[in-house]
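Here are the chains, one letter per residue:
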Amino acid sequence: MLPTPDLSHLKKKDYEYIYEPAEDTFLFLDAFEDEVPFLKELQPTISLEVGSGSGCVTAFVGKILGESSCLKYCTDINPKAARATLGTAKQNQLTVDVIETHLTDALLPRLQGQIDLMYFNPPYVLTPSEEVGSHSVEASWAGGIDGREVIDEFLPYVKRLLSPKGAFYMVVVNENKPDDIREIMKQDGFESSIVKTRLAGREKLFILKFVRSST
Ligand SMILES: C[S@@+](CC[C@H](N)C(=O)[O-])C[C@H]1O[C@@H](n2cnc3c(N)ncnc32)[C@H](O)[C@@H]1O
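Here the structure is a predicted model, which means the values were calculated and not measured.

A. View of the packing of aromatic side chains. Tallied over the full model, the rule gives 8 aromatic pairs. Ring geometry for Phe120 against Phe154: centres 5.3 Å apart, planes inclined by 75°, an arrangement best described as edge-to-face. Of this pair, Phe120 sits in strand E4 (residues 115-120) while Phe154 sits in helix H5 (residues 149-161), placing them 34 residues apart in sequence. Measuring from centroid to centroid gives 5.9 Å for Phe168 and Phe210, while their planes differ by 20°, and the two rings are stacked. One end of the pair, Phe168, is in strand E5 (residues 162-173); the other, Phe210, is in strand E7 (residues 203-212), with 42 residues separating them in the sequence. When its relative accessible area of 0% is taken as the criterion, Phe210 is described as buried. Each member of the aromatic cluster is reached from another via a ring pair, and the members are Phe120, Phe154, Tyr157, Phe168 and Phe210. Just above the ring of Tyr17 sits the side chain of Lys80; from NZ or CZ to the centre is 5.1 Å.

B. Up close: the sheet that holds strand E1 (residues 46-50). Strand order across the open sheet formed by 7 strands is E3-E2-E1-E4-E5-E7-E6, with mixed pairing between neighbours. Lying at the two open borders of the sheet, with one neighbouring strand each, are strand E3 (97-100) and strand E6 (190-200). Neighbour-to-neighbour, the strand axes of the sheet open up by a mean angle of 15°, direction not taken into account. Across 4 bridges, the pairing between strand E2 (residues 71-76) and E3 is parallel. Bridge pairing in E3 places Thr75 opposite Ile99. Packing against the sheet, helix H3 (residues 56-65) makes contact with E1, E2 and E4, and its axis sits at approximately 150° to E4. Across the sheet, helix H6 (residues 178-187) touches E5, E6 and E7, and the angle it forms with E7 is around 10°.

C. Layout of helix H4 (residues 79-91). Here H4 is 13 residues long and its end C-alpha atoms lie 18 Å apart, about the 18 Å a rise of 1.5 Å per residue gives. Against H3, E2 and E3 lie the buried residues of H4. Capping the start of H4 is the job of one residue whose side-chain oxygen sits 2.8 Å from the backbone nitrogen of Lys80: Asn78.

D. Representation of the site of the ligand. Close to the ligand lie 18 residues, the nearest being Thr25, Glu49, Gly51, Asp76 and Leu103. Between the ligand and Ile77, the relevant distance is 3.2 Å, taken from a nitrogen atom to a main-chain nitrogen or oxygen of the residue. His102 places a polar side-chain atom, nitrogen or oxygen, 3.0 Å from a nitrogen atom of the ligand. Expressed as a share of its isolated accessible area of 590 Å², the protein-covered part of the ligand is 98%. Of the residues that constitute the shell around the ligand, the class distribution is 7 nonpolar, 9 polar and 2 charged.

E. How the structure looks around the pairing of E6. With 10 bridges connecting them, E6 and E7 associate as antiparallel partners. Looking at the pairing, Thr197 lines up with Phe206 of E7. The loop that links E6 with its antiparallel partner E7 comprises 2 residues; one of these, Gly201, has a positive phi angle of about 60°.

F. Examining the packing of H5 against H6 more closely. Close contact between H5 and H6 brings their axes to 10 Å; oriented N to C, the two are set at 30°. If you check the angle between H5 and H6, you find them roughly parallel. In the packing of H5 onto H6, the handedness of the crossing is right-handed. Here H5 contributes Ile151, Asp152, Leu155 and Val158 to the contact with H6, which in turn contributes Ile181, Ile184 and Met185. Across the contact of H5 with H6, the residue classes tally to 6 nonpolar, no polar and 1 charged.

G. Molecular detail of the side chain of Thr127. Take Thr127: it is sitting in the loop between E4 and H5. Judged by its relative accessible area of 12%, Thr127 falls in the buried class. Not counting residues within four places of it along the chain, the set of residues in contact with Thr127 comprises Val132, Trp141, Ala142, Gly143, Gly144 and Ile145.

Thresholds applied
- Residues numbered from 1 in each chain as written.
- Predicted model: local features only at pLDDT ≥ 70, side-chain atom pairs only at ≥ 80, totals over all residues.
- Heavy atoms only, no water.
- Phe/Tyr/Trp six-rings, centres within 6.5 Å; stacked < 30°, edge-to-face > 60°.
- Helix = DSSP H or I, 4+ residues; strand = E, 2+ residues; numbered from the N terminus.
- Buried < 20%, exposed > 50% of the residue type's maximum accessible area, 1.4 Å probe, protein only.
- Lys NZ or Arg CZ within 6 Å of the ring centre and 35° of its normal.
- Pairing = 2+ DSSP bridges.
- Axes fitted to C-alpha atoms, helices over the stretch in contact; angles between N-to-C directions.
- Contact = heavy atoms within 4.5 Å.
- Expected span 1.5 Å × (residues − 1).
- Polar contact = N/O pair within 3.5 Å; in protein donor to acceptor, adjacent residues only side chain to side chain.
- Near = heavy atom within 4 Å.
- Areas by Shrake-Rupley, 256 points an atom, 1.4 Å probe, with all protein chains shown as cover.
- Nonpolar A, V, L, I, M, F, W, Y, C, P; charged D, E, K, R; others polar.
- Parallel < 35°, antiparallel > 145°, perpendicular 65-115°, else oblique.
- Left-handed = near helix turned anticlockwise from the far one by under 90°.

Structural data, given as structure tokens:
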């Protein structure tokens with residue numbers, strides 16, 4: 001079992017401003033642990049976590065990928081989260097480039113078609129639309145109608161950013177209608193699978209994986 005990244009530099013107070021790793025985060029780590037053989041074979045040259053929050057997932061995946069071989073990017077819309085991710089990378093002896101931006105805005109068009117590994121634990125909670133678009137801790141969960149507003153905005157970027165061999169992983173809950181998301185991505189030329197699911201209280205969490213269809 002791979003160790004959970006060291007987050008001891010982040011204090012209770014920090015989690016008033018950034019997302020505290022929770023069941024969804026830990027399910028994501030478990031999924032990536034299962035995906036180690038795939039990731040080792042993939043040998044990504046460039047990876048990107050969208051919405052890195054505390055940096056917990058990036059640090060975990062960074063340890064799997066190793067320090068020298070892969071250029072690791074993260075984005076977050078919350079400046080405090082961007083800072084926390086940098087701190088977590090340092091705490092775990094990793095180098096990452098963290099960019100405060102909306103989704104992947106600051107990386108396009110430069111990284112178009114070049115990202116081998118991309119992952120996003122998005123704000124997926126069903127909320128009124130007006131709550132979407134904050135730059136503070138509310139951005140961690142506020143997903144708007146069906147919890148899909150940020151997810152749906154992001155999906156078209158997957159085909160623009162991923163390299164031909166690239167893989168994209170995303171956390172969703174049942175209320176986000178995972179089958180509908182998979183169908184949208186199918187239309188964009190991706191095959192999908194559910195690599196992990198878990199019941200966490202009332203939430204049924206899924207980790208979806210997308211790769212370009214071979215046909
Ligand atoms: C559910 S939290 C996940 C945090 C962390 N990756 C984890 O798994 O614990 C969602 C993260 O996405 C960020 N986020 C929300 N909307 C965003 C946007 N439009 N662009 C970039 N980041 C965003 C939030 O600030 C938050 O850090």
